[in-house]
Amino acid sequence: MLRKLLKYEIQATAKIFLPMYALLIVFALLNKFFIAVNADYLRIPQVISATVFGIIIIGICVMTLVVTIQRYNKNLLSDEGYLSFTLPVKIHSHIDCKMLVSLMWTVLSVLVSLASVFVLAVNDKTILSLQQFFTACMDLLSRVGPGAYMILLESLLLAVAGVLCQVLTIYASITVGNMSSKHKILLGIGAYLGFGVIEQIVTSILLTSFGGNFTRYFNWLSTAANSDQILAVQYLLLALLAYMLVFGAAYYFLTNWMLKKKLNLE
């Protein structure tokens, strides 16, 4: 059933994102044309086109956040929630669906934006620079060894976990705000800020408790062998990943519990 939910959610949100992606690529090509022609009589259209290009990129970023909020709130916490919760699907499947689709569009928005900038900037010089950059990266990876690939994998997982944790924070905040019958938005914003304060307090406690150990550790690390430094980076990324996963799991289970026990569709 999760597959059907994902299919429906992707189809519903694709109507928003795909036209924006297409428009972004079109304006990237248009700006590329203006740069190639470099004619004085096209200065005004070039400025307008470049401005629209920047606005579209900003709009895609904003729309990704808006859709994340709107789809969750509309499908689960508004009148549509009555229909959604009558489906033979466990509540956590609704959360999983919204979360995974939000992650997908976030990743695609970043990739499409980077691709549009590449289309705009690509020429013989940039291609040569990219080739040199990738050659240097591959050379570095081969010299460092498997540890470098592990660092890349952990960095990727950390980025994914960061996006999911942020999405789950938004979902938890919206769900808390839904407890109010009159001031849902204000309570939701307050919950989001409150979660941020809790994270800051936990971080401060951890840094205060282990601050001395961190100082001694980094002092030792500055004189350690390269292999030890690589291993230390791996452990640091794993610690950050675990930290992110703990908070993400907390928001996930809080959202799931509140949708089960405290749901208010009025």
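Relevant structure appears above.
Keep in mind that what you see is a predicted model, and the values were worked out from it rather than measured.

K.L.:
Even after reading the chapter, I still don't get the overall build of the protein chain, so can you show me in this structure?
P.N.:
Scanning the protein chain from N- to C-terminus turns up 8 helices and 0 strands. Its helices and strands taken in sequence order, the protein chain reads α-α-α-α-α-α-α-α from the N to the C terminus. The long-range share in the protein chain, meaning contacts at least 24 apart out of those at least 6 apart in sequence, stands at 79%. Of the roughly 16300 Å² of accessible surface on the protein chain, a fraction of 74% belongs to carbon and sulfur atoms.

K.L.:
Honestly, the packing of helix α1 (residues 2-37) against helix α2 (residues 43-77) in this entry has me stumped. Any pointers?
P.N.:
When two helices pack together, you describe them by how their axes are tilted relative to each other and by the distance separating the axes. Across the interface, α1 lies against α2 with an axial gap of 9 Å and an inter-helix angle of 170°. Classified by the interaxial angle, the pair formed by α1 and α2 is roughly antiparallel. Looking at the contact of α1 with α2, its residues break down into 22 nonpolar, 7 polar and 2 charged.

K.L.:
It is not clear to me how the pattern of salt bridges should be interpreted in this structure. Could you clarify?
P.N.:
Close approach of charged atoms allows side chains of opposite charge to pair. Considering all chains together, one arrives at 2 salt bridges under this definition. Between Arg71 and Glu9 there is a salt bridge; the shortest N-O distance is 3.0 Å. Residue Arg71 is found in helix α2, and its partner Glu9 is found in helix α1; the two are separated by 62 residues along the sequence. Relative accessible area serves as the criterion here: at 10%, Arg71 is assigned to the buried category. With a closest N to O distance of 2.7 Å, Lys98 and Glu9 form a salt bridge. Linking Lys98 in helix α4 (residues 91-121) with Glu9 in helix α1, this pair joins segments that are 89 residues apart in sequence. Each of the two residues, Lys98 as well as Glu9, counts as buried. Residues joined in a network through salt bridges with shared partners are Glu9, Arg71 and Lys98.

Procedures and definitions
Residues numbered from 1 in each chain as written. Predicted model: local features only at pLDDT ≥ 70, side-chain atom pairs only at ≥ 80, totals over all residues. Heavy atoms only, no water. Helix = DSSP H or I, 4+ residues; strand = E, 2+ residues; numbered from the N terminus. Contact = heavy atoms within 4.5 Å. Areas by Shrake-Rupley, 256 points an atom, 1.4 Å probe, with all protein chains shown as cover. Axes fitted to C-alpha atoms, helices over the stretch in contact; angles between N-to-C directions. Parallel < 35°, antiparallel > 145°, perpendicular 65-115°, else oblique. Nonpolar A, V, L, I, M, F, W, Y, C, P; charged D, E, K, R; others polar. Salt bridge = Lys/Arg side-chain N within 4 Å of Asp/Glu carboxyl O. Buried < 20%, exposed > 50% of the residue type's maximum accessible area, 1.4 Å probe, protein only.

So yeah, pure geometry; function would need other evidence.
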